[in-house]
Amino acid sequence: MSNKVYVYIDHFAGEAVPASWEALGVARSLADSFGGGVSAVVLGEGVDNIAKQAVAYGADEVTKADDSVLKDFRAEAFATLVSEIVKSAEVFVLPTTSRTRELAGMVAIDLDTGVMPDVVAFEVQDGTVLATRPIYAGKLMTKVVCREKRPQILTLRGRSFPKPEPDPTRSGEIVDVVAEVGDLATEVTGYSDAEAGVSLSDAAVIISGGRGVSNNPSLTPPEGITDEGEQEIWRAQKGFELIRELAEVLGAAVGASRAAVDAGYVPYAYQVGQTGKVVSPDLYIAAGISGAIQHLAGMRTAKTIVAINKDTEAPIFKLARFGVVGDLFEVLPPLTQALKERLGK
Ligand SMILES: Cc1cc2nc3c(=O)[nH]c(=O)nc-3n(C[C@H](O)[C@H](O)[C@H](O)COP(=O)(O)OP(=O)(O)OC[C@H]3O[C@@H](n4cnc5c(N)ncnc54)[C@H](O)[C@@H]3O)c2cc1C
């Protein structure tokens, strides 16, 4: 099959990254413009199920390399194979993840073409994809094209495009290719669980806490905790407990500002912002976060932003759709309670 539109299915620990299916949906609409069907690329070890899912989500053909050498993502191996598979494509679409940022760049170098990263919208004009992407921490949008070079490579910002409904009755061809990757210079020696419990990138609802989460002087730490820094962290844990309770009721992920991370309240995996995760949930609740530009860079595309802050002048209120001026320790418990009742939990 000589399809013009290819899509990369990113996965980890046996599960496709949900943004891969959003990318597949975009690939389908691009195929309407470019003609032909959609080819998905699935590389890894034990990826039969992901290849079948790709068909259900809209791929007409899946090029699959299933080999122990591909057990772990290594950009050097994956880029070699992907470049060979997509070299005659018109368009190659990937979800934006930490792995695909590396992969897309390497494939573009191999194929002497360009990458349009972190795309949030696009149109097709005379066979050219005109992509829109945020720049300057989301303050401006820019439009980019790949000039005459092909394939046109674009990585899509997660949750910016709808996820298609899977249709398990769809049929598609699954083509196995040999994983010829040559000698590899790197080896993955293991994984550690830094991100356990946090899945910010895919979350539809996120509740984030900032430095304000530790600001409750009326909470008295136990006698043994005399160090001021430890007392602050103890208070922050109480504050984050309130955030977690609300998150549980709403099925939300928990995030944080950099100040909260730097102060040791929560691990780095929680950080939202310019040097943390960029998220685009339907609902983002910021509690005790001032709204510094670097924080806004990570969440300004959230569909609805709610801010809870003691300070009426906090910059977060300029971006928020709903603002509650108050102490988060007083606002969160009744909010959680009211939502519990409303949602029957
Ligand atoms: C290069 C660079 C990169 C950066 N990257 C990031 C990034 O990725 N993410 C990020 O978040 N920041 C980042 N920062 C840091 C950023 O500039 C801010 O310092 C940080 O976002 C502030 O975090 P905060 O809002 O939690 O703290 P603060 O600015 O101290 O704000 C705390 C807020 O809590 C409110 N508050 C206090 N007590 C309560 C209470 N009891 N109830 C309700 N409200 C209360 C206060 O009114 C205040 O508005 C970066 C900075 C630099 C220079």
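Report on the accompanying structure. (Residues numbered from 1 in each chain as written. Predicted model: local features only at pLDDT ≥ 70, side-chain atom pairs only at ≥ 80, totals over all residues. Heavy atoms only, no water.)

As a further point, take the pattern of salt bridges. In total, this model carries 14 salt bridges according to the counting rule given. The shortest N-O distance in the salt bridge between Glu 90 and Arg 150 comes to 3.2 Å. Residue Glu 90 is found in the loop between helix 3 (75–86) and strand 6 (91–95), and its partner Arg 150 is found in the loop between strand 10 (140–144) and strand 11 (152–156); the two are separated by 60 residues along the sequence. Judged by relative accessible area, which is 25%, Arg 150 ranks as partly exposed. Within the structure, one salt-bridge network assembled from shared partners comprises Asp 48, Lys 64, Asp 66 and Asp 176. (Salt bridge = Lys/Arg side-chain N within 4 Å of Asp/Glu carboxyl O. Helix = DSSP H or I, 4+ residues; strand = E, 2+ residues; numbered from the N terminus. Buried < 20%, exposed > 50% of the residue type's maximum accessible area, 1.4 Å probe, protein only.)

Time to look at the environment of Arg 235. Summarising the element assignment, Arg 235 is placed in helix 5 (residues 228–250). Between the C-alpha atoms of Arg 235 and Ser 29, which are 206 residues apart in sequence, the distance is 50 Å. Looking at Arg 235, its side chain comes within polar contact range of the main-chain oxygen of Leu 219, at 3.0 Å. (Polar contact = N/O pair within 3.5 Å; in protein donor to acceptor, adjacent residues only side chain to side chain.)

Okay, the pairing of strand 14 (residues 253–256) next. By the alternation rule, side chains of strand 14 split into Ala 253 and Gly 255 and Val 254 and Ala 256, which are all buried. Of the pairings in the sheet, the one linking strand 13 (residues 205–209) to strand 14 comprises four bridges and is parallel in character. Along strand 14, the bridge assignment pairs Ile 207 with Val 254. Taken together, strand 13, helix 5 and strand 14 form a β-α-β motif whose crossover is right-handed. (Pairing = 2+ DSSP bridges. Right-handed = clockwise from strand over helix to strand, strands pointing away.)

Turning our eyes to something else, we now look at the packing of helix 3 against helix 4 (residues 98–111). At a minimum axis separation of 9 Å, helix 3 and helix 4 run at an interaxial angle of 55°. What the angle tells us is that helix 3 and helix 4 run oblique. The crossing of helix 3 and helix 4 is right-handed. Residue-level contacts link Ala 75, Glu 76, Phe 78, Ala 79, Thr 80, Val 82, Ser 83 and Val 86 of helix 3 to Glu 102, Leu 103, Met 106, Val 107, Asp 110 and Leu 111 of helix 4. Of the residues contributing to the contact of helix 3 with helix 4, the split by class is nine nonpolar, two polar and three charged. (Axes fitted to C-alpha atoms, helices over the stretch in contact; angles between N-to-C directions. Parallel < 35°, antiparallel > 145°, perpendicular 65-115°, else oblique. Left-handed = near helix turned anticlockwise from the far one by under 90°. Contact = heavy atoms within 4.5 Å. Nonpolar A, V, L, I, M, F, W, Y, C, P; charged D, E, K, R; others polar.)

Here the focus is the nonpolar core. Of all hydrophobic cores here, the largest spans 33 residues; its most connected members are Val 7, Ile 9, Leu 24 and Val 93. Excluding its chain neighbours within four sequence positions, the residues that come into contact with Val 7 are Ala 23, Leu 24, Ala 27, Val 38, Ser 39, Ala 40, Val 41, Phe 92 and Val 93. Tyr 8, Ala 75, Leu 81 and Val 82 belong to the second largest nonpolar core, which has 26 residues in total. (Core = buried A, V, L, I, M, F, W, Y, C linked by side-chain atoms within 4.5 Å.)

What follows is about the sheet that holds strand 4 (residues 38–44). Taking strand neighbours across the sheet as the criterion, the seven strands line up as 7-11-6-1-4-5-12 in an open arrangement whose pairing is parallel. Looking at which strands have only one partner, the edges of the open sheet turn out to be strand 7 (115–119) and strand 12 (173–176). For this sheet, the mean angle separating the axes of adjacent strands, direction not counted, is 20°. Bridge count for strand 4 against strand 5 (residues 61–66) is six bridges, and the pairing is parallel. For Leu 43, the partnering residue across the bridge sits in strand 5 and is Ala 65. In the packing of helix 2 (residues 48–56) onto the sheet, the strands contacted are strand 4, strand 5 and strand 12, and the crossing angle to strand 5 comes to about 170°.

Relative to the elements of secondary structure, Lys 64 occurs in strand 5. The buried category is assigned to Lys 64, whose relative accessible area is 6%. For Lys 64, the side chain forms a polar contact with the side chain of Asp 48, separated by 2.8 Å.

A few words on the sheet that holds strand 17 (residues 322–325). Sheet architecture is open: five strands sit in the order 14-13-15-16-17, paired in parallel fashion. In the strand order of this sheet, the two ends are held by strand 14 and strand 17, each with one partner. Averaged over all neighbouring strand pairs, the angle between strand axes comes to 15°, with direction disregarded. Where helix 5 meets the sheet, it contacts strand 13, strand 14 and strand 15 (283–287), and its direction lies at approximately 175° from that of strand 13. Where helix 9 (residues 328–342) meets the sheet, its contacts fall on strand 15, strand 16 (304–309) and strand 17, and the angle it forms with strand 16 comes to roughly 130°.

The quantities given are spatial measurements derived from coordinates; they are silent on function.
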